[in-house]
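# Fold and geometry: a report
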Amino acid sequence: MENHYAFTPIFTKMISLGEKTGNLDDMLHKLAQFYSIDAKLQVKKLRKRIEPILMLLIYALIGGLVLAVMMPSFSMMDGL
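Before going into details, it helps to say that this report is about the structure given with it. Note that the structure is predicted; figures quoted are calculated from it, not measured.

### Some points on the environment of Pro72
For Pro72, the location among the structural elements is in helix H2 (residues 24–79). On a C-alpha basis, the gap between Pro72 and Lys45 in space is 43 Å, while along the polypeptide they are 27 residues apart.

### Comments concerning a nonpolar patch on the surface
Where nonpolar side chains cluster on the molecular surface, the patch consists of Met55, Leu56, Ile58, Tyr59, Ile62, Leu65, Val66, Leu67, Val69, Met70, Met71 and Phe74 and spans about 1,200 Å² of accessible area. Within the secondary structure layout, Phe74 lies in helix H2.

### What about the packing of helix H1 (residues 9–21) against H2?
Across the interface, H1 lies against H2 with an axial gap of 7 Å and an inter-helix angle of 155 degrees. With respect to H2, the axis of H1 lies roughly antiparallel. Our pair here, H1 against H2, has a crossing hand that is right-handed. Here Ile10, Phe11, Met14, Ile15, Leu17, Gly18 and Glu19 of H1 come into contact with H2, specifically with Leu24, Met27, Leu28, Lys30, Leu31 and Tyr35. Class assignment of the residues belonging to the contact of H1 with H2 gives a composition of 10 nonpolar, one polar and two charged.

Cut-off values and rules
Residues numbered from 1 in each chain as written. Predicted model: local features only at pLDDT ≥ 70, side-chain atom pairs only at ≥ 80, totals over all residues. Heavy atoms only, no water. Helix = DSSP H or I, 4+ residues; strand = E, 2+ residues; numbered from the N terminus. Patch = residues over 30% accessible without salt bridge, like charges linked within 9 Å, V, L, I, M, F, W, Y side chains within 5 Å. Areas by Shrake-Rupley, 256 points an atom, 1.4 Å probe, with all protein chains shown as cover. Salt bridge = Lys/Arg side-chain N within 4 Å of Asp/Glu carboxyl O. Axes fitted to C-alpha atoms, helices over the stretch in contact; angles between N-to-C directions. Parallel < 35°, antiparallel > 145°, perpendicular 65-115°, else oblique. Left-handed = near helix turned anticlockwise from the far one by under 90°. Contact = heavy atoms within 4.5 Å. Nonpolar A, V, L, I, M, F, W, Y, C, P; charged D, E, K, R; others polar.

Laid out in C-alpha cells, this is it:
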C-alpha cells in the first residue's frame, strides 16, 4: 500500500478493507459520517477561538465611531 499524503492512514485502510470485502459503499458511508462529525467539531473549535478576537474588533470599531462623533462636540465646547 502506498503512502498517500492527501488521505489519512485510516481512510486508506478503510477503503482497502471495503474493496476487499465488497462493502465499499458501506465503508464510504461510514467515512462520510466520521468526517462530517469531525468537520463540525473543527468548525466549533475555530469559532470558539475566533469569537473573542471578533468581539474586540467590534468594540474597537464602535469605540472609534463614538470618538469620531463626540470629538467635534468636545472641541466646540472647549472653544466656548
